Amino acid sequence: MFQIVMQHTHGRARVSFFLAPLVMLGEVFCDLQQPTLMATIIDSGLAKGDMAFVVHQASLMALFAVLGLVCGAGCGFLGSFASLAMGQALRADMLAVALNSRKAGGLSPATLITRITNDVTQMQNLVMMITRGMVRSPMLMIGGIVMSVLVSPALAPILFVVLPALVIFMAVVVRRSLPKYLAMQKQVDGMNRVMRENLQGAKTIKAYVLEPHQLTQFTAANRTLTNASQTAAMATVTLAPVIQLVLNLGVVVALAYGGSLAISSRLATGQIIAFVNYMIQITTAMIGTVNIITAFSRAITSAGRVQAVLAEEAAPQPVAVPAPAPATATIAFDHVTFGYAAATPILQDISFTVPAGQWLGIIGTTGSGKTSLINLLTRAFDDYTGTITIGGRDIRQLSLATVHHQVSVATQDSLLFSGTVRSNLTYGAATAGDERLSQSVAVASATDFLAPLPDALDRPVAQTGKNFSGGQRQRLNIARAVVPDAPILVLDDATSAVDQVTNARIQKRLAAERANRTTVIISQRVANIQHAAQILVMEDGRITAAGTHAQLLHRSPFYARLVATQLGGDAHADDD
Amino acid sequence: MQMMTRRGPRNPHRQKVTLHNVGATIRRIGGYLGTYRKALAVVFVLTVFTTLSTIVGNRVNGIVVDRYIAHNKLQALLVVCGLLAAMYLVASVCTYFQNTLTIKAAQQTAARIRQDVFANLQRLPMRYFDTHDTGDIMSRLTNDVDNINTALMQTFVQLFTGVIAVVGMGAAMLILSPLLTAIALLATLATYTFSRAVAKVTQSAFTTQQQALGALNTQIEESVSGKAVVQLFDHTQQTLDQFAQTNAQYTRAAFIAQAFSSAMGPFNNMTNNLAYLLITAAGAVSILNGSHTVTVGVIFTFLIYLRNFTGPINNVLDLINTLQLSLASAERVFELIDEPPERDLPDAPATPGATGSVRFEHVDFAYDTRPILKDVNLTAHAGDVIALVGPTGAGKTTIMNLLTNLYPLQHGRVLLDGTDVTTMRRRDLRRLITVVQQEPFMFQQTIRENIRLGRPGATDEEVKQAAIAANAHVFITQLPQGYDTVLAENASGISQGQRQLLSIARAFITKAPVLVLDEATAAIDSNTEAAVQHAMTALMRGKTSFVIAHRLSTIRHATQILVIQDGRVVESGTHSALLARGGAYADLYNSQFDPA
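Residues numbered from 1 in each chain as written. Chains lettered and ligands numbered in written order. Predicted model: local features only at pLDDT ≥ 70, side-chain atom pairs only at ≥ 80, totals over all residues.

1. Notes on the overall build of chain A
Per the secondary structure count, chain A includes 19 helices and 12 strands. Taken against the 2.2 N^0.38 rule, which gives 25 Å for 576 residues, the C-alpha radius of gyration of chain A at 36 Å runs more than 25% over that of a compact globule. If one aligns the C-alpha atoms of chain A with their principal axes, the spans along those axes are about 120 × 65 × 50 Å. Burial status across chain A gives 51% buried among its 576 residues. Here the contacts in chain A between residues at least 6 apart in sequence split such that 76% fall between residues at least 24 apart. (Helix = DSSP H or I, 4+ residues; strand = E, 2+ residues; numbered from the N terminus. Rg over C-alpha atoms; globule rule 2.2 N^0.38 Å. Buried ≥ 20, exposed ≤ 12 C-beta atoms within 10 Å, placed from the backbone. Contact = placed C-beta atoms within 7 Å.)

And the structure:
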């Protein structure tokens, strides 16, 4: 935790981080002076009728009050600066790690997002808290004890009974209530689940007339939750009245005992008043300390989560002297094996060659390793055995930028970014002109919803592209991959949500794009790849057959079965 | 003595809230609280007592100093202190009961409100779910109900206590010493004015901060979930550079907002200290000048009052704001309860069964003002297989949604066994029609329960038979927990094809005479696809079936094929008749085989 803070505060931020608590000490010191000064006014000033002394002490009080403000505000200023600077550095670092990470099976995007947003904010608040509250409350408490002992040592024993009693009581109650709050949280999750399912599955619920069933479930969940939250709330219900009582009794005892001492002239009235004031101050500070400890323990888990992200393996080390860009777009896999865990390889002994300019089709079931194969080609992961070459060069010897400029991919989940159609299409080729963009839009058969061009290029795209339908997103996704005019074009099941007729049109137009480049088309549809120069059939991470459509009909029972279910098993099978 | 933290993390800018009908909302909450009226009356009395005991106690402290300590009356001192202790003890017991009662009343009320919202949600028309964000409804059911709960449990009592404390102490102070009261009021006023002024400055800073934070989070979300694309297009550095800008913008805005608002605490602290000083000094000067009203005990009382006075006043203002927010929450929640539900016609007869003949007569349907279906006609005799084909968005699924009366149609009639479906009880109608959706929804329950949802009450054996019929039994038994496997959220643990099989099993168990199959378009792996096809064929046996087909190979043997384009039936007939015609169907049919 402290390490994270140190690594992400530099220069002025680091100075502020250490300076803030010191300044806070100043404020605490000033605060602690007030009751004592006041006691002297009452005991010395009033008793002796010394107006000059009263004025003198009063101006001291005023001075400390103003000094307190300066210190307090200063601490706030420094603390805000340190914590925000740390948050800024932390977010930037974490995002860089997240974006550069090429490790297989890392944290899920949802987890990463929560950590970079919520957990960093928690850390930010924690640092703010450390610089202020962590010093203020405990110091005020300790200082208060010291000062009250100094101002009236005779009454001090009261504190030594009251304070431990409160601490023990609070500790017991908090500890007992904690599991009850956790239990409640679990019930909250349970009920949220029923509610969310009810909203997401509204159509299914109506179709199957599940309303009564759902209501019964909800009623049960609601009752359990209500009971759990009542139990949790009841577990701490004694806290407030008991603290209140102990403190009040402390004051009464101070008055009775202190009063009896005053009557026998062993104590001054002002001292009793100051003592009571300190006691209130101490108790308030003590409650503050407990609150901070609770908050701290919550934030410390955030620190752990943040640390886990930072510890994620970063980008593969760039090659010292990267090889020059390959001259041809020949792709070759040579005995490539890859897996997140060694025992269960995702790709096993993959070997094939695609000559430059040729069309490769890949077909197979979900989970057969098709997408992983592309991930390796684009160097999403480097920890495989065997070699992959483009134009004869081992891709691990190329810089990442070179690889990405060689291979352009339309991914399976067509993810768009908020901005405009143009900003999305130029994502891989910042300098592409309108003409190229319009051309690519036409290839992806997206002109019907992007009219008129080029005006439609400036149409806004919402986050994840949700203002476009699934089929439209896929077409934009294809256009984006076409724009950079890379030597190798990959379409990874990129038309699954596009209707038949449009799909046919896209495939037809891609033919022209194929002319001068190597194309890899992954699909579950035989129709999309049946004319490829070479087709790989993938099952369970292996290539089980390779060849042309006609060859595969004989070589691969799996392929023949696919053809039978998809094309109806007759005609068209041998027509090329 | 009242407990209060001098520097609570106060909301620096009170949010502006627009309330539509405060009176009605409060009355309605009152209605929910009805059963707890007696308990709440008790809470009211207890609160008055505990607050007054604080005020009295503080004053007695001063009196003790003046009359007994100053005049050496030891015995009286001890007696009064004993009485004080007794009073505090009673007050604490009262606080305990006060809290216990409020917790119960608030929790039970929140539970009942939640129950009412959910019950109404069950009856809302499909349209409501289409047009409202899940996130928004969830937030009403959770955050907003919680806000009401908090308002009832804490805000109300605190506000009430605060008001009594301020009024009671104000009166007591005024009686004791108008001069010192004026000073205390001035201090309070200064604190108040300053925090308003700072709030104004920080308000805009906080708004900027929130906007910057929104932009920041969006960027994080987008780039992390789009990481694959970012990497593929070699965009990492640009993304990080862009982010650095937003990050800096946020940090700047947040610094202004936080630096200002963090000065508020120390400032309040200073005004408190100055008020202390002024009261002590003014009191001392009065005493030295021979005042009869001001005594050391009065100063003592005032100092303690002051701690308890500025706090509640500021608190009361915050609490009023919190209360407004809670009322706004209540309005949002009640809005959901008041949302008009789907209602069957009052005289709708029960329809226990049907043979399964279906007719659409000149059906028009528009969503909002956007026309979706125009003059759709179709006739299906019991046992027919009707296929609907056409491009995405042509209206195929909509036609089926009208059959189950999910949406009100604008013109024409839909008949099941000759009865207009809109005149039937919706639940009866839907029990007669089984729909297998394109993306079936699975609940986070066991596979067994998920299948059983087709007909709650079906036996385990029936569930198993349905799974066997649906070709799902084999994969289910291969799972480590078999039928007792609890599905993850969105059934993410099993493949989409397997999800389809489960949904077919669910359909098998319903035994309804009419079946609607919405074929999955997205990537089901081809092996499972064959299993799904077989299961669907088996399911159709002996039923009137509507098949929304995306793969034309599956529907050659349909009794009738309807080609839907732009909400109209453009062609209909058997496979061979339509092919021979050489129209839209023939085009569609040929396109799937040879795109290249």
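2. Quick look at the overall build of chain B
When helices and strands are counted, chain B shows 19 helices and 10 strands. A globule of 596 residues ought to have a C-alpha radius of gyration of about 25 Å, yet chain B, at 36 Å, is considerably larger. In terms of overall dimensions, chain B has C-alpha extents of about 120 × 60 × 50 Å along its principal axes. Expressed as a percentage of its 596 residues, the buried residues of chain B come to 48%. Restricting the contact set of chain B to residue pairs at least 6 apart, pairs at least 24 apart contribute 81%.

3. Overview of the interface of chain B and chain A
Taken together, the contacts link 128 residues of chain B with 132 residues of chain A. The biggest single contributor to the side of chain B that touches chain A is helix α3 (residues 74–123) of chain B, with 24 residues. The class makeup of the residues in the side of chain B that touches chain A is 69 nonpolar, 44 polar and 15 charged. (Nonpolar A, V, L, I, M, F, W, Y, C, P; charged D, E, K, R; others polar.)

4. Comments concerning the domain arrangement of chain A
What the domain assignment lists for chain A is domain 1 (1–135 + 299–313) and domain 2 (331–567). Placing a centre on the C-alpha atoms of domain 1 of chain A and another on those of domain 2 of chain A gives a separation of 51 Å. (Domains from an automatic or database assignment.)

5. A look at the environment of Gln200 of chain A
Along the chain, the position of Gln200 of chain A falls in helix α6 (residues 156–200). For Gln200 of chain A, the contacting residues outside a window of four places in its chain are Thr134 and Phe441 of chain B.

6. Here we look at unusual backbone geometry
Residues and elements named next belong to chain A. Even without being glycine, Asp349 reaches a positive phi, approximately 50°. Along the chain, the position of Asp349 falls in strand β2 (residues 347–354). Classification of Asp349 as partly exposed rests on a count of 15 C-beta atoms within 10 Å.

7. Examining the sheet that holds strand β11 (residues 534–539) of chain A
In sheet architecture, strand pairing relies on hydrogen bonds along the backbone and comes in two forms, parallel and antiparallel. Residues and elements named next belong to chain A. With mixed pairing, the six strands of this open sheet are ordered in space as β6-β9-β10-β3-β11-β12. Looking at which strands have only one partner, the edges of the open sheet turn out to be β6 (407–410) and β12 (542–547). Taken pair by pair, the neighbouring strands of this sheet meet at an average axis angle of 20°, ignoring direction. Bridge analysis of strand β3 (residues 359–364) against strand β10 (residues 518–523) gives five bridges, and the strand direction is parallel. Residue pairing in the sheet places Leu360 in a bridge with Val520 of β10. (Pairing = 2+ DSSP bridges. Axes fitted to C-alpha atoms, helices over the stretch in contact; angles between N-to-C directions.)

8. Observations concerning the pairing of strand β1 (residues 331–338) of chain A
Residues and elements named next belong to chain A. Both β1 and strand β4 (residues 385–390) contribute to a ladder of five bridges, which runs antiparallel. Each bridged residue has a counterpart across the sheet, and for Phe333 the counterpart in β4 is Ile388. Bridge count for β1 against β2 is five bridges, and the pairing is antiparallel. When the sheet's bridge partners are listed, Val336 is paired in β2 with Ile350.

9. Here we look at the sheet that holds strand β5 (residues 393–394) of chain A
All names here are of chain A. One open sheet accounts for four strands, arranged β2-β1-β4-β5; its pairing is antiparallel. The open sheet has two edge strands, β2 and β5, and neither has a second partner. This element, helix α11 (residues 370–377), spans β1, β2 and β4 of the sheet and lies at about 115° to β1.

10. Points about the nonpolar core
In terms of nonpolar packing, the biggest core is built from 218 residues, with Ala479 of chain A together with Ile279 and Phe302 of chain B touching the most fellow members. The element contributing the most residues to this core is helix α3 (residues 51–100) of chain A, with 20 residues. Core analysis: the second largest hydrophobic core is formed by 79 residues, Phe365, Leu501, Phe508 and Leu588 of chain B among them. (Core = buried A, V, L, I, M, F, W, Y, C linked by C-beta atoms within 7 Å.)

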